[in-house]
Amino acid sequence: MAGTETYTLNMGPQHPSTHGVLRVQLELDGENILSAKPIMGYLHRGIEKLLESRTYVQGVPYTDRLDYVSSMNNNFGFCRAVEELAGIEVPERAEYIRVIVAELNRIASHLVFIGSLAIDLGASTGMLYTFRDREEILDLFNLVCGARMTFHYIRVGGVNRDVQPEFIEKTYKFLEHVPVFMEEYKKILLGNEIFMSRLKGISKMSQETALSHNMTGPNIRATGIPYDIRKVDGYSVYPRFDFNVVTGKNGDNWDRFNVRYNEIFESAKIVRQALDGLPEGPFMAKVPKVLRPPKGEVFSRTEGTRGELGFYIVSDGSTKPYRVHIRRPSFVNMQGLNDMCRGYLIGDSVAAFSAIDPLMGEVDC
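Predicted, not measured: the structure shown is a model, and the values here were computed from it.

Caption draft 1: Examining the packing of aromatic side chains more closely. Applying the stated rule across the entire model yields 13 aromatic pairs. Consider the rings of Phe113 and Phe257, whose centres lie 6.4 Å apart with planes at 35°: the pair is tilted. Within this pair, whereas Phe113 is found in helix H4 (residues 92–120), its partner Phe257 is found in helix H11 (residues 253–276), the two being separated by 144 residues in sequence. In this pair, the class of Phe113 matches that of Phe257, namely buried. An angle of 65° between the planes, with centres 6.3 Å apart, marks the rings of Tyr238 and Phe243 as edge-to-face. Of the two residues examined, Tyr238 and Phe243, each falls in the buried class. Through a chain of ring-to-ring contacts, three or more aromatic side chains come together here, namely Phe113, Phe195, Trp254, Phe257, Tyr261 and Phe265. Across from the ring centre of Phe243, 4.4 Å away, lies the NZ or CZ of Lys231, which sits over that ring. For the cation-ring pair, Arg260 lies above Phe113, with the distance from its terminal atom to the ring centre recorded as 4.4 Å.

In structure tokens form, the structure reads like this:
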């Protein structure tokens, strides 16, 4: 009787984020996946060590280069950690502005996710639509800080400059546009039979499995666990706003898509409330020209666009951090890829990877 044996296939690059910086090694029995091993490290730039060789203030631009699709949220997380370490109190107006730009960046990131997932599954039109609408957000960021990708807008103690009336006016107009383009995505993708069949019931993950991998963000919420740092920790001024934590039921790719799809509405809701309640006052605290936090350590976490973003900083009392370690949600979430691929077909690995929504710059750091 003839015997069979498994074979190894290097999958990809398929996703727009993996152009030569990730290798996924599939062990196959025919077209059935027995295991999926992500091999990372091709984009490692030593950002943690770079942060240790710069002053606290000089370190902020390096955080832009982590998850470069969500730079505002990276600035937010790092600056909060430094402020907690140094005992700096951020003005109320600055906190509101931070929330506004962070949630706009969350919308922009989720639009990239929707477009990337669509093009990975062969619906290239989806990416054209989402990138069209993401441009509106990038125009708003260009208006407020003069950059469209790596912003360096949120600074230790507040923000670089105050928001202009033009920014507020155009942000309100963008919020009016959100339901319009979301309805377009619904017609193009959510009602598409092929799109749904590639996601529904595929790469199902139980709550226990997701927790065992320490997954966070939309990936854990897709399993039905309402874990969101904005609610759990209530940092910044998030407790003042009314918004829901979107969850799924089955923990499959369809739920991962729908969680992010519906989070766009919740982020828009937060931005509107923040604009309506934007207080007067300074946008920057009085920060020493030479910042020397006292000796000690801190771990500060925020809800990044891909999950729990944490910064661990050790101060030895000098102008530079003694040690910096970054908890990158993309890196942690990638640990679930094997469970999401095992037992499915080769083509399903493409959808599984895209549904995790990793950013390789953040994975390798």
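Caption draft 2: Structural context of the nonpolar core. Within the largest apolar cluster, 78 residues are counted, with the highest numbers of intra-cluster contacts made by Leu104, Tyr153, Phe174, Tyr238, Phe241, Phe257 and Ile326. The greatest single-element share of this core, amounting to 14 residues, is contributed by H4. Not counting the four nearest positions on each side in its chain, Ile326 is found in contact with Ile47, Glu48, Leu51, Leu66, Leu309, Gly310, Phe311 and Cys365. Judged by nonpolar contacts, the second largest core, of 22 residues, contains Ile220, Ile225, Leu337 and Ile346.

Caption draft 3: A look at H4. The end-to-end C-alpha distance of H4 is 42 Å, a good match for the 42 Å that 29 residues give at a rise of 1.5 Å each. Taking burial as the measure, the 29 residues of H4 include 27 buried ones, the bulk of the element. Gly122 sits one or two residues past H4 and shows a positive phi near 95°.

Caption draft 4: Main features of the sheet that holds strand E7 (residues 307–315). With respect to topology, three strands assemble into an open sheet ordered E6-E7-E8, the strand pairing being antiparallel. With partners counted over all chains shown, the strands left at the sheet margins are strand E6 (296–304) and strand E8 (323–327), one partner each. Sheet twist, expressed as the mean angle between neighbouring strand axes with direction ignored, is 10°. By the bridge criterion, nine bridges tie E6 to E7 in an arrangement that is antiparallel. When the sheet's bridge partners are listed, Ser300 is paired in E7 with Phe311. Those strands touched by helix H3 (residues 71–86) are E6 and E7, and its axis lies near 150° from that of E6.

Caption draft 5: Quick peek at the packing of H4 against helix H6 (residues 165–190). Look at H4 against H6: their axes get within 13 Å of each other, and the N-to-C directions meet at 25°. By the criterion of interaxial angle, the relationship of H4 to H6 is roughly parallel. Like other packed secondary-structure pairs, H4 and H6 cross with a definite hand, here left-handed. Across from Ile100, Leu104, Ile107, Leu111, Ile114 and Ala118 in H4, the residues of H6 making contact are Phe167, Thr171, Phe174, Phe181, Tyr185 and Leu189. Counted by class, the contact of H4 with H6 contains eleven nonpolar, one polar and no charged residues.

Caption draft 6: Structural view of the environment of Gly248. Tracing the backbone through its elements, the reader meets Gly248 in the loop between helix H10 (229–232) and H11. Considering only alpha carbons, one finds Gly248 and Val259, eleven residues apart in sequence, at a separation of 6.5 Å. Non-local contacts of Gly248, meaning those with residues more than four positions away in its chain, are made with Arg221, Ala222, Thr223, Gly224, Asp255 and Val259.

Caption draft 7: Spotlight on the state of the cysteines. Applying the stated criterion across every chain, the model contains zero disulfides. Lacking any disulfide linkage, Cys145 is separated from the closest cysteine sulfur, that of Cys79, by 13 Å. Cys145 gets classed as buried once you look at its relative accessible area, which sits at 12%.

Caption draft 8: Representation of the sheet that holds strand E3 (residues 32–39) within the structure. The three strands lie next to each other as E1-E2-E3, forming an open sheet whose pairing is antiparallel. Taken across any chain shown, the strands that pair with only one partner, and hence form the sheet edges, are strand E1 (7–11) and E3. Adjacent strand axes in the sheet meet at a mean angle of 25°, parallel and antiparallel pairs treated alike. Direction of pairing for E1 relative to strand E2 (residues 23–29): antiparallel, over a ladder of five bridges. By the bridge assignment for E2, Tyr7 is matched with Leu28.

Conventions used here
Residues numbered from 1 in each chain as written. Predicted model: local features only at pLDDT ≥ 70, side-chain atom pairs only at ≥ 80, totals over all residues. Heavy atoms only, no water. Phe/Tyr/Trp six-rings, centres within 6.5 Å; stacked < 30°, edge-to-face > 60°. Helix = DSSP H or I, 4+ residues; strand = E, 2+ residues; numbered from the N terminus. Buried < 20%, exposed > 50% of the residue type's maximum accessible area, 1.4 Å probe, protein only. Lys NZ or Arg CZ within 6 Å of the ring centre and 35° of its normal. Core = buried A, V, L, I, M, F, W, Y, C linked by side-chain atoms within 4.5 Å. Contact = heavy atoms within 4.5 Å. Expected span 1.5 Å × (residues − 1). Pairing = 2+ DSSP bridges. Axes fitted to C-alpha atoms, helices over the stretch in contact; angles between N-to-C directions. Parallel < 35°, antiparallel > 145°, perpendicular 65-115°, else oblique. Left-handed = near helix turned anticlockwise from the far one by under 90°. Nonpolar A, V, L, I, M, F, W, Y, C, P; charged D, E, K, R; others polar. Disulfide = S-S within 2.5 Å.

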